[in-house]
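Okay, here's what each chain looks like letter by letter:
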Amino acid sequence: MVRHRPTLVLNKHWVPIDVTNVMRALCKLADGNARAVNLEDFSTHDLDSWTRVGFREAVALVRGGSYDVPAPDVIILTRYDRVPVRKPAFSRANVIKRDRGACQYCGLRDHAARLTIDHVLPRSRGGATVWSNCVAACVACNRRKNDRTPEEARMRLAKPPAQPVWMPPRPWEDEARWARFVQGH
Ligand SMILES: [Zn+2]
């Protein structure tokens, strides 16, 4: 699908810093945070002027309700030098996602519903419910570890838990934003 195609992101000094997808790139255009780069003459465009570029060669179009928008191959950020880091919210589901659905003690991969969240330093000992103290654990390991630290239980963590700074793209969010955007035009 055109809207999930990759788009190169340049910072305002024309240095490539990221790869996003067409849908997300168009949202940045719509928000005024980026301009599309016309690779035929390196002119840059806001969303409005981008829809009116007369391309010499055929370009892929994204259907946008009342009008179609060319899919940008390259966009240039107008505001940020760096792409803001996405920080996912702390939740049971996101801890399991961070740990790739695997028990952090024995490596068992299981259905998210069958995995538990283990407090590395147990709650009964003041362990907080935060990224750096919570890991996915299978029922057996969680039971075995009980109210002990990994050292006391002689159980080794696959890796020290930390706040993840990247999450897989969530295209449906962009689809929803795009739908709201075209409705307003
Ligand atoms: Zn386990």
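Refer to the preceding data block for the structure.
These figures come from a predicted structure and were not determined experimentally. (Residues numbered from 1 in each chain as written. Predicted model: local features only at pLDDT ≥ 70, side-chain atom pairs only at ≥ 80, totals over all residues. Heavy atoms only, no water.)

**Q** Could you give an account of the packing of aromatic side chains, with specific residues and numbers?
**A** Under the counting rule described, the total for this entry stands at two aromatic pairs. Taking the centre distance of 5.2 Å and the plane angle of 80° together, the rings of W50 and F55 count as edge-to-face. Among the residues examined, W50 registers a relative accessible area of 2% and is labelled buried. The interplanar angle of 85° and the centroid separation of 5.2 Å between the aromatic rings of F90 and W131 together place this pair among those described as edge-to-face. With F90 in the loop between β7 (74-77) and α3 (92-98) and W131 in the loop between β8 (116-119) and β9 (134-137), this residue pair connects regions lying 41 residues apart in the sequence. What makes W131 buried here is its relative accessible area of 7%. (Phe/Tyr/Trp six-rings, centres within 6.5 Å; stacked < 30°, edge-to-face > 60°. Buried < 20%, exposed > 50% of the residue type's maximum accessible area, 1.4 Å probe, protein only. Helix = DSSP H or I, 4+ residues; strand = E, 2+ residues; numbered from the N terminus.)

**Q** I'd like a rundown of the coordination of the zinc ion, residues and numbers included.
**A** Of the protein atoms, only C103 (SG), C106 (SG), C138 (SG) and C141 (SG) coordinate the zinc ion, at distances of 2.3 Å. Geometry at the zinc ion is tetrahedral, judged from the four donor atoms that bind it and their angles of 103 to 114° at the metal. Considered as a linear motif, the donors of the zinc ion on their single chain read C-x2-C-x31-C-x2-C. Residue C103 is found in the loop between α3 and β8, and its partner C141 is found in helix α4 (residues 139-145); the two are separated by 38 residues along the sequence. By relative accessible area, C141 is classed as buried at 7%. (Donors = N, O, S within 2.8 Å, 3.2 Å for Na, K, Ca; no water. Tetrahedral: all angles 85-135°; square planar, octahedral: opposite > 155°, others 65-115°.)

**Q** Can you break down the sheet that holds strand β1 (residues 6-10) residue by residue, with the values?
**A** Strands sit in the order β2-β1-β7-β3-β4 across an open sheet of five strands; the sheet is mixed. Edge strands, defined here as strands with exactly one partner in the open sheet, are β2 (16-21) and β4 (43-45). This sheet shows a mean twist of 35° between the axes of neighbouring strands, independent of strand direction. Taken together, the three bridges between β1 and β7 define a ladder with parallel strand orientation. Across the sheet, L8 pairs through a bridge with V74, a residue of β7. Strands in contact with helix α1 (residues 22-31) are β1, β2, β3 (34-38), β4 and β7; relative to β2, the strand with the most contacts, it is inclined by about 110°. (Pairing = 2+ DSSP bridges. Axes fitted to C-alpha atoms, helices over the stretch in contact; angles between N-to-C directions. Contact = heavy atoms within 4.5 Å.)

Keep in mind that these numbers describe shape and distance, not what the molecule does.
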